[in-house]
Amino acid sequence: MFCFLILVNIVNCQNIKVDKILCENRVNPIGIDVTVPRFSWILSSRSRNVRQSAYYIQVSNNKERFESNTLWESGKVESELSVLLNYAGPKLSSNNKYYWRVKVWDQNGKPSKWSDVGLWQMGPIDISDWAAEWIQVNSENSIEHSSPIFRNEFKVLKKIESATANITSHGLYVAYINGHKIGDAYFTPGWTSYNKRLQYQTYDVTAMIQKGYNAIGAMLGSGWYSGNLVWEGHENFYGESLALLLQIKLNYTDGTSEIIGTNKNWKTTTGEVIDSEIYHGEIIDARKRKKGWYLVGYNDDNWEPVRVVNYSKKNLVATINEPIRKHEVFKPIEVITTPDGDKVLDFGQNLVGFVQVKIKGKSGDHIILKHAEVLDKNGNFYTENLRSAKQENKYILKGGEEEIFEPNFTWQGFRYVKVEGISGMINPEDFTAVALYSDMPKTGSFSTSNELINKLQHNIEWGQKGNFLDVPTDCPQRDERLGWTGDAQVFFNTAAFNMKVDNFFSKWMRDVEADQLENGSVPHVIPNVLGSNASGSAGWADVATIIPWSIYLNYGDKNILKQQYKSMEAWVDYISSQTEDYLWNKGSHFGDWLYYVPENNDNSAETDKFLIAQCFYANSVQIMIQTANLLKKQKDVGKYTVLLNKIKEAFAEKYITEDGKLTSDSQTAYVLALNFNMLPENIRELAAQRLADNIRGYNYHLTTGFLGTPYLCHVLTKFGYHDLAFTLLMQKTYPSWLYPVTMGATTIWERWDGQKPNGDFQTPSMNSFNHYAYGAIGDWMYKILGGINTSEKVNEVGYKKIILTPYINNNLLLKSDLKDQLTYVNADLNSCYGKISSHWKKSGDHIKINITIPVNTTAELHIPADTIEKVFEGKSKISDSKDIEIIGTTVSSVIVVVGSGTYNLIIKN
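Given the structure is predicted, the values throughout are model-derived calculations rather than measurements. Every chain is numbered on its own, with residues counted from 1 as its sequence reads. Only residues with pLDDT of 70 or above have their local features reported here, since the model is predicted, and side-chain atom pairs are shown and tallied only from 80 upward, although totals for entire chains, interfaces and linings are computed over all residues. Computation of side-chain values covers all heavy atoms of the structure but excludes hydrogens and water.

Colleague: Quick rundown of the side chain of Thr494? Include the residues and the values.
Modeller: A run of DSSP states H or I qualifies as a helix once it reaches four residues; a run of E qualifies as a strand once it reaches two. Both are numbered from the N-terminal end. Assignment of secondary structure puts Thr494 in helix α4 (residues 485–498). Between buried and exposed lies partly exposed: a residue is buried under 20% and exposed over 50% of the maximum accessible area for its type, with that area taken using a 1.4 Å probe on protein chains only. Judged by relative accessible area, which is 1%, Thr494 ranks as buried. By definition in these notes, contact holds between two residues if any of their heavy atoms fall within 4.5 Å. What Thr494 contacts, discounting residues up to four positions off in sequence, is Ile460, Gln464, Gly775, Ala776, Ile777, Gly778 and Asp779.

Structure, rendered in structure tokens:
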């Protein structure tokens, strides 16, 4: 009994527990330049209805002697806040490590234990922190697109306490200490608006440093900096010469320190990578390998001295987003001999990365790997849609022992690989496809009773993986791979369900601001490599307002709005400068890009580009009102409120006919007008009916393009046409989301009919088979079918308050497809507060709903039942539950509020 009481006491004392802690949205980040870091934590409890009532943060200079070296303490703060709380201690020093922990109290005043100790390390904050010098190859001796290598040695005489490397480059780099690669990231330093923002990476290299002599080396690739970019074969966009900036700070146990950095004493030459391009691939000649060049004692007498250059360091910034890393690996599922006689490997998945190959042969033998997404209808290797991008890697053997090759500074988008240079049979075990993408944590999962929908979700996820390589690219294979703004903004909400994308997009939005034109116009692509004339398109440039607001809603990050406010304001001011009588009727716009064009080529699905522009103008101004209100800029709230009313009045006068129709009688016109509240309330139901009639007129098919598609099903559900929205989702014939799935797609296509039913391809000049924009339907699947939503009220965003609205009665209007009605949906999301689950299942005449709500949040659950008496938890009616608060009923639902915990409900008919 005594032991039992002790156990009970322990459990009661630990009613709330700190499970995970984050600094600047990352676990133990190394190398940050934020002078006021922010802390977050995730809590857990075995009990229900648990929330935080207070917290206490401690920061120390020393992990081992935490208490005696406390730098700052928040004290006990009465607050429920647990996401993105500001450090408020003394000024932080460059390159220093700091340690922190937190404990909390629950609503009953019971404390948790202290969390595990986390850390963060500052990077160089000021230019003066960079002792290293920029170095490069002497330009007269450089070979275009070859990868220069650099090396130096240094001596360590004292015992090391810690060693930190800070590295960046013009071009891409890979670096080594004593033969070991520094870090596991690819394509560093990433892609930014280099002339304004060049990222550096920070690494803890303590374990790599040895007493005595040490060797350090680096290799550079052209990458985005000087390689081929865009479709006109443009090179050297940011500069002609590759350069390296690297330094290692050595902290000794005696309290002294030393910086080893790039300088005039380094040497350089070229090695085995004789050609490297992102679009075209890489050529590696193993005969030219400098064996041991990054090891101590290597003879570099015939290497050339480097050239020290005075490049600016003012543009150097820390990396805030997750690096690109290796992920899934695939073996060929089939070795094909095509009708043309080519030897082709099928990896079964359209992915982005490269193929690692094992091979043995004579010196000078070679193997060429060519990459494609699809085979044509005859089964032949198809690369016409790559345009000028070669997408091939060539490996020249040194000869003798088995050799292993993989590229260093390039990637391919592919499912199929044509192998040239090998005679005889191909052994599939010698080839491994490796997926590369930014290492964002997976946050969501979505599955249903319908296998086609599950495959669609799979394709959405892989479209995101393949196009989230440091920037959100439009496609990963052809001669483009650019950060198209429209694609990114329409997909953001879906992306945020699948992965934790706040750091990824916060970094990219800084480049949106950096590349924004002086007049406020936003370029079509970020980083901007298309020039000043390629900017200002409605729905594309609105990324400046849409994504910061979306980050705030999904992650509760108010700082992104503070950071981007001037950019947001400048964009709206630019639109206003393009208007006449509050109508945005100037400029070049993409409109509803790649909307469905009927076979008879009539214009029934076309939407006036300026009508679209007016809708997005209103939306951006609405976001400005909300943002200004949140940031307490009341003068701006008033200004933009007046402006919004004028915009909507101008829309009504220009685009609404006397009988209440829109001048463009298209799906996209009605979707955008309804979604952005452009119509007077008295005609909204009529407009929704016209939208529904239009869809029926196309035999239950959508006709929307990039801008209309993300909102289509949301608008239908909002106005009571949920079954029609579900029917659109389940449509299998072109144009539809499931048509590519039925055609064997493993990612999202750029076009609704990238491959036609007869096997023919769409226009090859613009026909990517890995293009995530239409995957924006994932947002509706999570929010409506799964029912997971966040409140948008101040202090409730970021899933602090969860709104659960699962639509369970999904009736198909296509009677022939009744078998496709859903019997279950499982949706999960790892939010900033913890895991949210919303699972439902039809079981006989019952419906089971299982939900999980994280600690320190509440949820408003809309249960699809017409009376409270039909809803049970176990054998008890929910009206008898102390943990469930009933707050209202509607004709079709019971609305309850619950706190944290797991609830298993049954609706009995």
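Colleague: With reference to specific residues and values, describe the packing of aromatic side chains.
Modeller: Describing an aromatic ring pair means giving the distance of the ring centres and the angle of the ring planes. Ring pairs shown here join Phe, Tyr and Trp side chains whose ring centres sit within 6.5 Å, with only the six-membered ring taken for Trp; geometry is labelled stacked below 30 degrees between planes, edge-to-face above 60, and tilted in between. What the rule picks out here adds up to 55 aromatic pairs. Taking 5.9 Å as the distance between ring centres and 80° as the angle between the ring planes, the aromatic pair formed by Trp134 and Tyr311 counts as edge-to-face. Of this pair, Trp134 sits in strand β10 (residues 134–136) while Tyr311 is found in the loop between β23 (307–309) and β24 (316–318), placing the two residues 177 residues apart along the sequence. When the ring of Trp191 is compared with that of Trp224, the centres are 5.3 Å apart and the planes differ by 10°; the resulting orientation is stacked. Of this pair, Trp191 sits in the loop between β14 (180–181) and β15 (198–204) while Trp224 sits in helix α2 (residues 223–226); the two residues are 33 residues apart in sequence, bridging distant segments of the chain. Note on accessibility: Trp191 and Trp224 belong to one class, buried. Clustering of aromatic rings is evident, with ring pairs tying together Tyr382, Tyr596, Tyr698, Tyr734, Tyr739, Trp749, Phe761 and Phe769. The lysine or arginine in question, Arg101, covers the ring of Phe66, its NZ or CZ lying 4.5 Å from the ring centre. The side chain of Lys908 reaches across the aromatic face of Phe872, ending 4.4 Å from its centre. Here, a charge over a ring means that NZ of Lys or CZ of Arg falls within 6 Å of the ring centre while also lying within 35 degrees of the ring normal.

Colleague: Explain the environment of Asp346 residue by residue, including any values.
Modeller: Note that Asp346 resides in strand β27 (residues 343–359). Residue class for Asp346 comes out buried when judged on its relative accessible area of 4%. Along the primary structure Asp346 and Leu672 are separated by 326 residues, whereas in three dimensions their C-alpha atoms are 41 Å apart. Contacts of Asp346, omitting those with residues within four sequence positions, involve Pro332, Ile333, Glu334, Ile336, Arg415 and Tyr416. Within the structure, the side chain of Asp346 is placed 2.8 Å from the backbone nitrogen of Gly348, a separation counted as a polar contact. Residues adjacent in sequence count toward polar contacts only when both atoms are side-chain atoms; beyond that, a polar contact is any pair of N or O atoms within 3.5 Å, and within protein one must be able to donate a hydrogen and the other to accept it.

Colleague: Now, about the nonpolar core: what can you tell me, with residues and values included?
Modeller: Residues grouped as a nonpolar core are buried Ala, Val, Leu, Ile, Met, Phe, Trp, Tyr and Cys residues, joined through side-chain atoms within 4.5 Å. Counting residues in hydrophobic clusters, the biggest one holds 247 residues, and the most contacted among them are Phe505, Leu729 and Ile863. Setting aside residues up to four positions removed in sequence, Leu729 forms contacts with Ile453, Leu456, Trp737, Leu738, Ile777, Trp780, Met781 and Leu785. Counting residues in hydrophobic clusters, the runner-up holds 23 residues, among them Ile21, Val50, Leu85 and Tyr98.

Colleague: Give a description of the environment of Gly233 that names residues and reports values.
Modeller: Along the chain, Gly233 falls in the loop between α2 and β17 (243–252). Taking the C-alpha atoms as reference points, Gly233 and Lys158, separated by 75 residues in sequence, lie 52 Å from one another.

Colleague: With reference to specific residues and values, describe the sheet that holds strand β43 (residues 834–843).
Modeller: If you walk across this open sheet you meet the seven strands as β35-β42-β43-β44-β50-β46-β47, and the pairing is antiparallel. Each end of this open sheet is capped by a strand with a single partner; those strands are β35 (444–448) and β47 (876–877). By the bridge criterion, seven bridges tie β43 to strand β44 (residues 846–853) in an arrangement that is antiparallel. Paired with Ser837 across the strands is Thr852, a residue of β44. DSSP calls a pair of strands paired once it identifies at least 2 bridges connecting them.

Colleague: Tell me what's going on with the packing of helix α6 (residues 543–555) against helix α7 (residues 559–577), and back it up with residues and numbers.
Modeller: Throughout, an axis means a line fitted to C-alpha atoms (over the contacting stretch in the case of helices), and angles, computed between N-to-C directions, take values from 0 to 180 degrees. Where α6 meets α7, the closest approach of the two axes is 8 Å, and the angle between their N-to-C directions is 155°. Taken as axis vectors, α6 and α7 run roughly antiparallel relative to one another. Crossing hand, α6 versus α7: left-handed. Taking contact as the criterion, the partners of Ala544, Thr545, Pro548, Trp549, Ile551 and Tyr552 in α6 are, on α7, Ile560, Leu561, Gln564, Ser567, Met568, Trp571 and Val572. For this scheme, ten residues count as nonpolar: Ala, Val, Leu, Ile, Met, Phe, Trp, Tyr, Cys and Pro. Four count as charged, namely Asp, Glu, Lys and Arg, and the remainder, Gly too, count as polar. Considered class by class, the residues forming the contact of α6 with α7 number ten nonpolar, three polar and no charged. With respect to orientation, any angle under 35 degrees is reported as roughly parallel, any angle over 145 as roughly antiparallel, any angle of 65 to 115 as roughly perpendicular, and every other angle as oblique. Should the near helix be turned counterclockwise from the far one by less than a right angle, the crossing is left-handed, whereas a clockwise turn marks it as right-handed.

Colleague: Give me the pairing of strand β16 (residues 212–221): which residues, what numbers.
Modeller: With respect to burial, β16 is a largely interior element, nine of its ten residues being buried. Across eight bridges, strand β11 (residues 148–156) lies against β16 in antiparallel orientation. Following the sheet pairing, Glu153 is matched in β16 by Ala215. Bridge count for strand β13 (residues 172–177) against β16 is six bridges, and the pairing is antiparallel.

Colleague: Can you break down the side chain of Asn810 residue by residue, with the values?
Modeller: Along the chain, Asn810 turns up in the loop between β41 (801–804) and β42 (824–831). Of note is the side chain of Asn810, whose polar atom sits 3.1 Å from the backbone oxygen of Tyr807. When residues no more than four places from it in sequence are discounted, the contact partners of Asn810 are His722, Asp723, Phe726, Leu785, Gln821, Leu822, Trp840 and Lys842.

Colleague: Give me the sheet that holds strand β7 (residues 85–86): which residues, what numbers.
Modeller: Taking strand neighbours across the sheet as the criterion, the three strands line up as β1-β3-β7 in an open arrangement whose pairing is antiparallel. The sheet is open, and its two edges are formed by β1 (17–23) and β7, each paired on a single side. Bridge count for strand β3 (residues 38–44) against β7 is two bridges, and the pairing is antiparallel. For Arg38, the partnering residue across the bridge sits in β7 and is Asn86.

Colleague: Break down the pattern of salt bridges for me, citing the residues and quoting the values.
Modeller: Here a salt bridge means any side-chain nitrogen of Lys or Arg lying within 4 Å of a carboxyl oxygen belonging to Asp or Glu. The final tally for this structure, using the stated rule, is 45 salt bridges. Across the pair Glu328 and Lys465 runs a salt bridge whose closest N-O atoms are separated by 2.8 Å. Of the two residues, Glu328 is situated in strand β25 (residues 324–330) and Lys465 in helix α3 (residues 451–467); the sequence distance between them amounts to 137 residues. Classification of Glu328 as partly exposed rests on a relative accessible area of 27%. One salt bridge connects Arg478 with Glu750, and the closest N-O pair in it is separated by 2.9 Å. Residue Arg478 is located in the loop between β37 (471–472) and α4, and its partner Glu750 is located in the loop between α14 (738–742) and α15 (777–785); the two are separated by 272 residues in the primary sequence. A residue is classified by how much of its surface remains accessible, and Glu750, at 2% relative accessible area, is buried. Look at the salt bridges and you will find they share partners, linking Arg387, Asp474, Arg478, Asp479, Glu480 and Glu750 into a network.

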